[in-house]
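Below, each chain spelled out in residue letters.
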Amino acid sequence: PSGCLAERQVLQFRERQSGKNVVLVGTMHYNPVSIKKAENVVKKLGEENSLSSVVIEMCDKRWKSMESKQPRYSPRRKLLDNEMQGAADVARDNNVE
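A. Geometry of the overall build of the chain. Across its full length, the chain carries 4 helices and 2 strands. Beginning at the N terminus, the succession of helices and strands in the chain can be written as β-β-α-α-α-α. Taking 97 residues into account, the globule formula puts the C-alpha radius of gyration at 13 Å, and the chain, at 14 Å, falls close to it. Oriented by its inertia axes, the alpha-carbon framework of the chain measures out at about 40 × 25 × 20 Å. Counting every position in the chain, which comprises 97 residues, the buried fraction comes to 32%. Sequence-distant contacts in the chain: of pairs separated by 6 or more residues, those separated by 24 or more amount to 50%. When the accessible surface of the chain is summed, it comes to about 6900 Å², and 51% of that surface belongs to carbon and sulfur atoms. With 17 positive and 13 negative side-chain charges, the chain shows a spacing of 2 Å between the two charge centroids.

Spelled out as structure tokens, the structure:
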């Protein structure tokens, strides 16, 4: 596996039914190290053309509220950056929604 996938708090396995590779990234909300870890894993998978989706653990209503209140590059986002939006931004950069 890729270097970033062999790190602590990163679990890689093959989903039995679909045969797809799954990478889980264990994070602590709003922790700068977790933000970088989530971004780096998604970026690396994107660079390897191995990224097909990113799943964020958050209800739709809360996600939409957070996205509208602290969009990428906004002052509020700089203050309240988080691993969920960080991973989603990198996924979008790799044309994965």
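So, next bit.
B. Fine view of the pattern of salt bridges. For the structure on display, the rule yields 9 salt bridges. Here D60 and K64 are joined by a salt bridge, their closest N and O atoms 3.1 Å apart. Here D60 and its partner K64 are both found in helix α2 (residues 60-69), 4 residues apart, which amounts to about one turn of the helix. We classify D60 as partly exposed; its relative accessible area is 48%.

C. Broad picture of the nonpolar core. Among the nonpolar cores identified, the biggest contains 10 residues, and these are V10, A38, V41, V42, L45, L51, A87, V90, A91 and V96. Among the secondary structure elements, those contributing two or more residues to this core are α1 (32-47) and α4 (83-93). Not counting the four nearest positions on each side in its chain, V90 is found in contact with E39, V42 and K43. Within the second largest apolar cluster, 5 residues are counted, among which are M58, W63, M66 and M84.

D. Quick peek at a nonpolar patch on the surface. There is a patch of nonpolar side chains on the surface, built from L11, F13 and L24 and spanning about 270 Å² of accessible area. Relative to the elements of secondary structure, L11 occurs in strand β1 (residues 10-14). Overall, the relative accessible area of 49% leaves L11 in the partly exposed class.

E. A look at the pairing of β1. Here 5 bridges tie β1 to strand β2 (residues 21-25), and the two strands are oriented antiparallel to one another. Note on β2: the bridge partner recorded for Q12 is V23. Taking the residues between adjacent antiparallel strands as the criterion, β1 and β2 are bridged by 6 residues, where G19 takes a positive phi near 75°.

Parameters and conventions
- Residues numbered from 1 in each chain as written.
- Predicted model: local features only at pLDDT ≥ 70, side-chain atom pairs only at ≥ 80, totals over all residues.
- Heavy atoms only, no water.
- Helix = DSSP H or I, 4+ residues; strand = E, 2+ residues; numbered from the N terminus.
- Rg over C-alpha atoms; globule rule 2.2 N^0.38 Å.
- Buried < 20%, exposed > 50% of the residue type's maximum accessible area, 1.4 Å probe, protein only.
- Contact = heavy atoms within 4.5 Å.
- Areas by Shrake-Rupley, 256 points an atom, 1.4 Å probe, with all protein chains shown as cover.
- Lys, Arg positive; Asp, Glu negative; His and termini not counted.
- Charge placed at Lys NZ, Arg CZ, Asp CG, Glu CD.
- Salt bridge = Lys/Arg side-chain N within 4 Å of Asp/Glu carboxyl O.
- Core = buried A, V, L, I, M, F, W, Y, C linked by side-chain atoms within 4.5 Å.
- Patch = residues over 30% accessible without salt bridge, like charges linked within 9 Å, V, L, I, M, F, W, Y side chains within 5 Å.
- Pairing = 2+ DSSP bridges.

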